[in-house]
Structures are given as C-alpha cells and as structure tokens.
Amino acid sequence: MTATLLTFKPLSRRKVLLVFPKYSNSFGTFHHAFPLMGDVQAFMPPQGILLIAALIPTEWEVRFVDENIRPSTNEEFEWSDMVFISGMHIQRGQINDINARAHSHNKVTALGGPSVSSAPDFYPEVDLLHCGEVGDATVNLFMALDKSVERPPQQVVYRTVERMAMSQFPSPAYYMVNVSKYLLGSVQFSSGCPFTCEFCDIPALYGRNPRLKTPQQVIHELDQLREGGAETIYFVDDNFIGNPKATHELLIALAEWQKKHDYTVRLSCEATLNLSKYPDILALMRKAYFITVFCGIETPEPNALKAMGKTQNLRDPILESVETFNKYGIEVASGIIMGFDTDTPETPRAILDFVKASHIPILTMNILYALPNTRLYTRLQAEGRLTDEPGRDSNIIFIQPYEEVVEDWRNVVRQTYQAEAIYNRFDYQSKNTFVHRMKPTKPWKQATPRNLKRALSIMSRIIWHVGIKADYRRLFWKMFWENLKTGQIESIFHISMISHHLITYARECTRGSMQASNYSHRVVEPDQSTKAA
C-alpha cells in the first residue's frame with residue numbers, strides 16, 4: 001500500500017530545520033507600527049511552513065525559525081540534517097540567501113510554497129523543489145529524505161498530483177511560535193478562487209473550486225491562537241467568499257464562538273467585492289466580529305476592470321459596495337494597481353478622487369507586475385513586452401513610459417497618505433463604520449492587570465512618537481480627544497498605529513527609497529531620513 005502523509009513511518013531519525021524568510025518592507029507588513037507596540041516584531045505567523053511542521057513525522061526532530069523575528073544561527077544549520085524553506089515571490093532574494101547559508105554548511109535544502117510552485121526556474125540552486133500543495137509530493141519528499149540526506153548531484157523536483165484534503169489537515173504548529181510577537185494571528189479556511197483575473201496566479205496554483213476545512217477545524221485553530229495571545233486574526237484565504245454556502249456555515253460557528261468569548265478577538269479576511277451582495281453573510285460577519293475586509297478593487301475605471309477580467313467589481317457601483325461593508329461595521333482595505341494598458345493621463349486623478357470618495361484608509365498601491373502562471377504573463381510574453389532590465393520595479397514594458405508610471409505612482413501615494421488626508425478618512429470610519437461593530441457585554445473583564453499594563457505601555461509610545469515627535473501631532477490630538485469623548489478607546493490605538501506606518505512608509509516611497517511593486521527585486525538602501533516621527 002502506498003504511504004500517505006497520515007500513514008508514513010520513517011525508518012531513520014532526522015533533524016529538520018524549517019526557516020521562513022524575512023519579508024521585504026512594504027505597505028502591507030505595517031513594520032513602522034511595530035516600535036509602538038512593544039513586543040510585536042513581525043506581521044503574522046506563516047501558515048504554510050507551520051502546516052509542514054505539523055505534518056513532519058513525529059519520529060523526526062523539528063526546529064522552526066521565522067527570520068522576521070530573528071535570523072537562523074550557524075549552530076542551527078549545523079544541528080540539522082536538512083533545511084526546509086517556504087515563501088512567496090516577494091521573498092525570492094531571502095529564499096536564495098537561506099539556501100546559500102544552508103549549503104555553506106553542506107545541508108540538503110528543500111523549498112516549497114507558492115513562489116516555487118509558480119516559478120521553479122527562480123530557484124536553480126535549491127536541491128529539492130516541492131511544487132504544488134500538500135499531498136503526494138510531500139510524502140515522496142519525506143520518503144526520499146528518510147533514505148538519504150546527501151545533497152543530490154542535480155536538482156530534484158516533486159510535483160503534487162493528488163492533494164491532501166483540507167479536512168484532513170492538522171492544525172499548523174502554532175506551538176512553535178510566540179503568537180504575541182506577531183501583529184496578527186493567521187488561519188486558513190479555504191484554498192482557491194473561482195474568478196480568473198488576468199494578473200492573478202491563484203486559479204493556476206490552487207484551482208477555481210475552493211477546497212475547505214471544516215468549521216470545527218477552524219474553531220480549534222482559533223482557540224489555539226487566542227490562547228497564545230492573538231487579539232486580531234486574519235483569514236489568509238484567497239477569497240473568503242469563494243464558496244458562499246460554506247462561508248455561511250462557517251460564520252454561524254464563528255458568531256457563536258465570538259459570543260462565547262465576548263468579542264475579544266477581532267477577525268479580518270480577504271474577499272472579492274461581490275461579498276457586498278450577500279446581506280445575510282455580512283450580518284453574520286458582523287456577529288462574528290469581522291472588522292476589516294481586504295478587497296482587490298485594483299482601479300475605479302470600469303474599462304480597465306473589464307479588460308483584466310475583474311467583472312465581479314462591476315456588478316454594483318464600487319462606492320455603494322464599500323458603503324455597504326461600512327454599514328456592517330466592516331472597514332474596507334483595498335489593493336490599487338497602476339500601469340494597466342488602459343491607464344491614461346487621467347487615471348491618477350481618478351484614483352485620488354476614488355480614495356477621497358470611498359473613505360478607505362488603507363490602500364496598498366503597486367505598479368503592475370506580470371507573475372508567472374497568469375494570463376497577463378502569457379499575453380505580454382507573446383507581445384514581447386516582458387523585460388528583466390535591472391533597476392526596474394516591474395518586468396512589464398508599459399504602454400506609457402516606465403518613468404511616467406512610477407512618477408504617477410509616487411504622486412498618488414504621496415497625496416493618498418498626506419497626514420491630513422488619512423486622518424480625515426479615519427475620522428469618517430470612526431463615525432460611520434466603527435460605531436456599527438459588536439461590543440463586549442462585559443468589557444471590564446478585559447481590564448486585567450496584564451492588559452492594562454500593555455495598553456499603557458503602547459499608549460506611552462504612541463504619545464511620544466506621534467503625539468509629541470510627529471509633525472502631524474495636531475491631527476493626532478484632535479482624533480484622540482474626539483474618540484475619547486465617544487468612548488472609542490480601541491479606535492485611538494488602531495488609527496494612531498496604522499496611520500503612523502502608512503504616513504512614514506509613503507514618505508519613503510515618494511523619496512524613491514522604496515520599490516513601486518511588492519514583487520520588485522531591486523535592492524534599495526534602508527531609509528534613514530524619514531521624518532514622520
């Protein structure tokens with residue numbers, strides 16, 4: 001009988017070092033907020049590699065290092081028999097660096113995750129490649145390493161054909177991380193997305209028919225994260241509304257879980273904009289204490305949405321959809337992309353007008369990049385419009401001159417994150433979104449000595465860095481007193497920390513010290529001149 005991940009029993013003892021690469025700084029990592037938060041050092045625990053940690057045979061010893069927390073040591077590499085790595089395209093440079101360090105200790109390396117699954121050619125120096133989701137390739141990899149941990153004479157690729165059912169997944173090895181060191185906890189309910197946006201590689205990697213965990217699995221994982229100290233947990237699903245019926249069933253369980261714990265854990269997710277067309281699901285999301293949903297709005301221009309195949313954003317006017325979310329207490333965060341073939345000189349103004357009208361505080365802004373395994377990549381390759389020219393933040397030869405696209409991006413980022421503009425958008429959220437959220441029935445129970453001490457520590461940092469040192473401190477104090485008067489204490493923390501990060505990072509972007517795309521491989525020097533605080 002062929003072994004599976006649940007039945008495989010190794011014959012050898014092995015020592016496995018799992019290393020997760022450090023992220024490059026970006027809008028989405030919120031790294032400028034970490035100094036205000038005391039113990040927080042990283043964005044969120046990595047789901048994929050922690051799942052692998054949970055699947056490794058119990059007969060093998062396992063150590064895990066998240067290099068967003070601290071670098072791996074020479075002693076750890078020497079201890080190991082093999083080094084497992086996982087990561088995304090934006091961690092490509094760091095992945096190759098970990099591989100080189102492991103090889104310097106003559107350790108065999110294995111790489112899995114979304115980046116290598118999409119573009120194995122990015123990693124010619126890694127010994128063993130695991131392409132695809134957890135499944136038969138995973139057990140074949142384990143079996144090979146059970147036989148030998150010698151580095152192979154040439155690269156070996158394992159490709160998943162039969163995926164492991166998500167209903168059989170163990171909980172990721174959350175016990176291997178200090179959850180309180182992360183800004184967010186992370187949990188996954190589904191994998192895959194039914195939509196086929198031209199620039200997105202999710203359908204090619206994970207399929208269009210979402211695969212699912214059971215609500216019981218998700219609740220068990222939430223319990224572990226909550227016990228570990230997570231106060232906000234992000235659903236890392238490709239599209240939380242990919243299977244509306246399953247989402248509805250999950251939300252019933254989540255609402256009951258939140259009621260049981262008196263709404264002490266905030267939830268967030270990523271979903272397509274058509275979620276706004278499901279009032280029953282939005283009502284349950286409110287009861288389940290979802291406070292934020294990230295939507296890939298991409299652009300406010302309808303002709304661009306049609307061209308990229310993102311017609312789900314055209315089913316209702318975008319501003320009406322955003323307002324619908326807000327009425328259920330859900331703040332919208334948005335992705336915006338510049339550099340589409342349909343962009344015109346008027347596009348930057350259209351984006352800025354949309355930002356102002358939508359009152360969305362957080363918008364991750366990038367210039368377009370063609371990822372492997374996307375229709376966009378295939379089309380541009382056929383048109384001869386891909387480039388690997390060094391010094392660029394995109395691999396696309398745009399219709400407009402590259403320098404103009406980047407300059408337009410800088411101007412949009414600068415105006416979007418002017419301090420007064422972002423505080424105005426958060427003021428709208430305080431008055432029109434946050435007021436609709438569920439509230440604890442016994443808030444005094446959260447006022448434990450530990451929580452009070454932590455809150456005072458964070459607030460003292462906020463007051464020093466933002467209320468005293470920042471050049472926009474007048475806006476901070478206006479927000480502070482207005483929210484204090486209405487009892488929205490939590491909003492003061494949220495607005496202060498997120499605004500600080502976004503204002504600081506935007507100033508770095510407009511000085512040219514940050515890449516215009518999260519997928520850029522251009523190396524930039526750390527910016528030492530930020531004056532936000």
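Criteria and cut-off values
- Residues numbered from 1 in each chain as written.
- Predicted model: local features only at pLDDT ≥ 70, side-chain atom pairs only at ≥ 80, totals over all residues.
- Heavy atoms only, no water.
- Patch = residues over 30% accessible without salt bridge, like charges linked within 9 Å, V, L, I, M, F, W, Y side chains within 5 Å.
- Areas by Shrake-Rupley, 256 points an atom, 1.4 Å probe, with all protein chains shown as cover.
- Salt bridge = Lys/Arg side-chain N within 4 Å of Asp/Glu carboxyl O.
- Helix = DSSP H or I, 4+ residues; strand = E, 2+ residues; numbered from the N terminus.
- Expected span 1.5 Å × (residues − 1).
- Contact = heavy atoms within 4.5 Å.
- Pairing = 2+ DSSP bridges.
- Axes fitted to C-alpha atoms, helices over the stretch in contact; angles between N-to-C directions.
- Phe/Tyr/Trp six-rings, centres within 6.5 Å; stacked < 30°, edge-to-face > 60°.
- Buried < 20%, exposed > 50% of the residue type's maximum accessible area, 1.4 Å probe, protein only.
- Lys NZ or Arg CZ within 6 Å of the ring centre and 35° of its normal.
- Right-handed = clockwise from strand over helix to strand, strands pointing away.

> Even after reading the chapter, I still don't get a nonpolar patch on the surface, so can you show me in this structure?
Taken together, Trp481, Leu484 and Ile489 make up a surface patch of nonpolar side chains, about 280 Å² in accessible area. Mapped onto the fold, isoleucine 489 is located in helix H18 (residues 489-510).

> In this structure, what is going on with helix H12 (residues 347-358)? I would like to understand it.
Taking 1.5 Å per residue, twelve residues should reach 16 Å; H12 reaches 16 Å between its end C-alpha atoms and fits that length. On the buried face of H12, the contacting elements are strand E12 (290-298), helix H11 (318-327), strand E13 (331-338), strand E14 (363-367), helix H14 (402-416) and helix H15 (419-432). Immediately beyond the C-terminal end of H12, within one or two residues, lies histidine 359, with a positive phi of roughly 60 degrees.

> I'm lost on the sheet that holds E12 in this one. Help?
The pairing of strands in a sheet happens through backbone hydrogen bonds and is either parallel or antiparallel. Pairing is parallel in the open sheet, where six strands are placed in the order E7-E10-E11-E12-E13-E14. Both edges of this open sheet fall to strand E7 (185-187) and E14, since each of them pairs with a single strand only. Each strand axis lies, on average, 20 degrees off the axis of its neighbour in the sheet, ignoring direction.

> I tried to follow the packing of aromatic side chains on my own but got confused; where do I start?
Any two aromatic rings considered together are summarised by their centre-to-centre distance and by the angle between their planes. Within the structure shown, the criterion is met by 21 aromatic pairs. Between the aromatic rings of phenylalanine 20 and tyrosine 23, the centroid separation amounts to 5.7 Å while the plane-to-plane angle is 75 degrees, which identifies the pairing as edge-to-face. The same class applies to phenylalanine 20 and to tyrosine 23, which are both buried. Stacked on the ring of phenylalanine 122, the Lys or Arg arginine 92 has its end atom at 3.7 Å from the ring centre. Above the ring of tyrosine 402, the side-chain terminus of arginine 392 is found at 4.2 Å from the ring centroid.

> I'm lost on the pairing of strand E4 (residues 108-112) in this one. Help?
The side chains of a regular strand alternate between the sheet's two faces. Burial analysis of E4 places five of its five residues in the buried class, the great majority of the element. Of the two faces of E4, the one carrying Val108, Ala110 and Gly112 and the one carrying Thr109 and Leu111 are both buried. In the sheet, strand E3 (residues 82-86) pairs with E4 via five bridges, with the strands oriented parallel. Residue pairing across strands places methionine 82 opposite valine 108, the latter belonging to E4. The handedness of the E3 to E4 crossover, carried by helix H3 (residues 92-104), is right-handed. Bridge count for E4 against strand E5 (residues 128-131) is two bridges, and the pairing is parallel. When the bridges of E5 are listed, alanine 110 appears paired with leucine 128.

> Teacher, can you tell me more about the pattern of salt bridges here?
Should the charged atoms of two oppositely charged side chains come close, the side chains can pair. Following the criterion strictly, the structure yields 23 salt bridges and no others. Among the ionic pairs, lysine 310 bridges to glutamate 298, the shortest N-O distance being 2.8 Å. In this pair, lysine 310 is assigned in the loop between helix H10 (302-307) and H11 and glutamate 298 in strand E12, connecting sequence segments twelve residues apart. The class for lysine 310 is buried, based on a relative accessible area of 7%. Arginine 507 is the partner of aspartate 471 in a salt bridge, and the nearest nitrogen-oxygen pair spans 3.0 Å. Taken together, the residues span a long stretch of sequence, with aspartate 471 in the loop between helix H16 (449-468) and helix H17 (473-485) and arginine 507 in helix H18 at a distance of 36 residues. A relative accessible area of 22% means that arginine 507 is categorised as partly exposed. Within the structure, one salt-bridge network assembled from shared partners comprises Glu198, Asp341, Arg379, Glu383 and Arg385.

Keep in mind these numbers describe shape, not what the thing actually does.
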